[in-house]
Amino acid sequence: MSNQPRTIFNKIWDAHIVMAEPDVPTVLYIDLHLVHEVTSPQAFQGLRDRGLKARRPLQTMATMDHSIPTTPPDVPTTDEIAARQIAQLEANCRDFEIPLHSMQGPTRGIVHVIGPEPGLTQPGMTIVCGDSHTSTHGAFGTLAFGIGTTEVEHVLATQCLLQRQPQTCQVRVDGRQGPGVSAKDLILALIAQIGTGGGTGYVFEYTGPTIRALSMEERMTVCNMSIEGGARAGIIAPDDTTFQYLAGRPYAPQGTEWETAVKRWRQLPTNQAAIYDRQVTMDVDRLEPMITYGTNPGMGIPITAPIPDPDALPDVSQRLAARKALEYMDLMPGQPLLGQPIDVVFIGSCTNSRISDLRQAAGLMKGRRVKDGVRVLVVPGSEQIKQQAESEGLHRIFQKAGAEWRQAGCSMCIAMNGDQLEPGQYAVSTSNRNFEGRQGPGGRTFLASPLTAAASAITGVVTDVRTLQ
Amino acid sequence: MEPFRTMTSGIITIPAENVDTDQIIPARFLKTISKTGLGGSLFADWRYDSNGSPRPDFPLNQPKASEARILLAGDNFGCGSSREHAPWALVDFGFRAIVSTSFADIFRNNALKNGLLPVVVDGQTHLQLFSLVEEAPDTVLTIDLATQTLTLPDGRRVSFPIDTFSKTCLLEGIDQLGYLLTQESRITAYEQAHRARPLCQHE
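Residues numbered from 1 in each chain as written. Chains lettered and ligands numbered in written order. Predicted model: local features only at pLDDT ≥ 70, side-chain atom pairs only at ≥ 80, totals over all residues. Heavy atoms only, no water.

**Digging into helix α6 (residues 183-194) of chain A**
Residue and element names in this part refer to chain A. Selection rule: Here a strand is any run of E in DSSP of at least two residues, a helix any run of H or I of at least four, and the numbering for each starts at the N terminus. The span one expects for a helix is its residue count, reduced by one, times 1.5 Å. The rule is simple: take the accessible area with a 1.4 Å probe, protein chains only, and divide by the maximum for that residue type; under 20% is buried, over 50% is exposed, in between is partly exposed.
When the terminal C-alpha atoms of α6 are compared, their 17 Å separation across 12 residues agrees well with the 16 Å that a helix rising 1.5 Å per residue should span. Counting buried residues in α6 gives 10 out of 12 residues, a clear majority hidden from the surface. Regarding α6, the residues found buried are Ala183, Lys184, Asp185, Leu186, Ile187, Leu188, Ala189, Leu190, Ile191 and Ile194. Positive backbone phi, at 90 degrees, marks glycine 195, one or two positions downstream of α6.

What follows is the structure, encoded as structure tokens:
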């Protein structure tokens, strides 16, 4: 089998088969299990009910990120229910001997940020988490996907999952992005092209010269949103960019082990003659900054385009969904989104809260003021990113511009922690979901890049960053 | 898990496509540490107005909803977040089957592990079902898992796909962790052969 040309997905999958027999799903070995407070309590309870231990506690890493406040640590938490959930995670990690990046610790942050940050996420691994944005880790050439809480329990108990093999889809990206156009725009354009369910049943592999030219942080942004196109996982084969990112990080192999690891990782990329089940192509030469106008991430348009007319869509249910979306968003078809007044800007989330995202936003906001009446939240993805940003003085740029500089966490991406929109408010957000009420009941979200978000913060309306730079 | 064999029930329809799990159960209800009691919050933002009163026009607020075990929904049901709270809430409300043209992968997996059957039908049958319920809101369907068939009121039978393993688990109420635990010796052998080692350190 190993002499057959294979995709990187097939190589990782094959290397993790514990058992494969007809008529039953494959028993797949999981190298690394990430755990957070929201999707794990019932799984730990399941272990207790059966008298089971965690099989591989040191192949597990936990943190709290979803429901934690991002206000300064000395502000007492007022959400008793969230506090109880966090206390439960602490107790579970203690009882099952699982390493926890704690509230007080220096390495806490969004789970998909603090896996790659210390070099824990490595090529060729299988990584799961009770969180759909686990696809982020695929940027390193790992097979990483989100699971439900029952499956969290399975992995805690057995370090394995029962999985049917997904199909593979090559997403080939060509062309060079123009100024003001980022990795976020690339992935929003792909999802607009294929639709929010377009990748269901597939694992994406992003290939082509445009992908090769992306930094690791940009690759994470792309892979992060694979799930918004319906694909559980997105993979980018490792290369020198990957190895340079990993070299010297605390969890990365050191010395001769590093040499051996890199040699092994170089075998991972898809063989030239390997066949994908499906192929999608896109060209970014003429790509504009993208923005969503509706209530799923597939409802995206180039920023200078008018809002599409639902009546022009090919089928009935699409028309219904688009009409419902525009009604929720209180927007008119045919109108431009440019110039639409906004109330809030959120810069953060596992999609766009890394240091390069913050540098881009700060670069644009430097020496400028946030428009009166617009609330701007900048939420770093981790404590380490926060410290890095502060050492570069980025926090002062944000604060001087009139933005709030917060503690690390998921914050307004999922609005579980008190950071949320008021009903009817409009936000430009660098997060990944614009579903109804996602950022607070009645709130309306335009998904966009950190550059578009920063530009819109300055003007108070949806803005094409290319007109500001 | 309660076994799923055969069931005859009325139908509730939510025709929108791409119903995401944030609609099925909004994030603010995910702070629970329990699996039960989520039925009251199912579709909360579509079901209740801002004062918390039921919106009379929302399908789950119809009198027949409390009896219905089948939800007929638009394409790509359950997209978005991996929260298993979505099937927990659907089951807690009383649903045992969702009929649609397609399901998001993670939702489908989660549903199957909670005795909630995702039934995939072709586009034509899907449309027919919606018009049937529109014309006769009391339409009942029979779902038989062993034969993988859905029987319409006129006696027409439509078959639906399901993999053998999930089908057996549902029919017999087998919990999959029990099955995985029987693979213990193979897992140990894998770990030895691949030299599985600790990756993470305590803080």
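**Quick word on the packing of aromatic side chains**
All names here are of chain A. Our working definition: Each aromatic pair joins two rings of Phe, Tyr and Trp (for Trp, the six-membered one) with centres within 6.5 Å, and gets the label stacked for planes under 30 degrees apart, edge-to-face for over 60, and tilted for any other angle. In this scheme, Lys NZ or Arg CZ marks a charge over a ring once it lies within 6 Å of the ring centre and within 35 degrees of the ring normal.
Applying the stated criterion across every chain yields a total of 17 aromatic pairs over all chains. Here a set of aromatic residues connected by ring pairs shows up, and it is made of Phe243, Trp258 and Trp265. Arginine 249 extends its terminal NZ or CZ atom over the ring of tyrosine 245, reaching a point 3.7 Å from the ring centre.

**Thoughts on the packing of helix α12 (residues 355-365) of chain A against helix α14 (residues 394-401) of chain A**
Residues and elements named next belong to chain A. The criterion, for reference: Comment: axis = line fitted to C-alpha atoms, over the contacting stretch for helices; angle = value between 0 and 180 degrees taken between N-to-C directions. Any angle between 65 and 115 degrees counts as roughly perpendicular, while under 35 counts as roughly parallel, over 145 as roughly antiparallel, and the rest as oblique. Each crossing gets its hand from how the near helix is turned against the far one by less than a right angle, where anticlockwise is left-handed and clockwise is right-handed. In this analysis, two residues are considered to be in contact whenever any of their non-hydrogen atoms come within 4.5 Å of each other. When residues are grouped by polarity, Ala, Val, Leu, Ile, Met, Phe, Trp, Tyr, Cys and Pro land in nonpolar, Asp, Glu, Lys and Arg in charged, and all others, Gly among them, in polar.
As a packed pair, α12 and α14 sit with axes 9 Å apart at the nearest point and diverge in direction by 45 degrees. Taken together, the axes of α12 and α14 are oblique relative to one another. The two elements α12 and α14 meet at a crossing, and its hand is left-handed. Here α12 contributes Ile355, Leu358, Arg359, Ala361, Ala362 and Met365 to the contact with α14, which in turn contributes Leu394, Ile397, Phe398 and Ala401. In terms of residue class, the contact of α12 with α14 is built from nine nonpolar, no polar and one charged.

**Re the pattern of salt bridges**
Stated formally: When a carboxyl oxygen of Asp or Glu is within 4 Å of a side-chain nitrogen of Lys or Arg, the pair counts as a salt bridge.
On inspection of all chains with the given rule, the structure shows 31 salt bridges over all chains. In this structure, Asp45(B) engages Arg28(B) in a salt bridge whose closest nitrogen and oxygen atoms are separated by 2.5 Å. Here Arg28(B) lies in the loop between α1 (21-24) and α2 (44-47) and Asp45(B) lies in helix α2, a separation of 17 residues in the sequence. One network of salt bridges, with partners in common, ties together Arg55(A), Arg56(A), Glu184(B) and Glu191(B).

**Some remarks on the packing of helix α2 (residues 41-50) of chain A against helix α5 (residues 149-158) of chain A**
A pair of packed helices can be characterised by two numbers: the angle between their axes and the separation between those axes. All names here are of chain A. Contact geometry of α2 with α5 gives a least axis separation of 8 Å together with a crossing angle of 50 degrees. As the angle between them shows, α2 and α5 are arranged oblique. Once α2 is placed against α5, the crossing between them reads as right-handed. Contacts between α2 and α5 involve Gln42, Ala43, Phe44, Gly46, Leu47 and Arg50 on the former and, on the latter, Thr149, Val152, Glu153, Leu156 and Ala157. The class makeup of the residues in the contact of α2 with α5 is six nonpolar, three polar and two charged.

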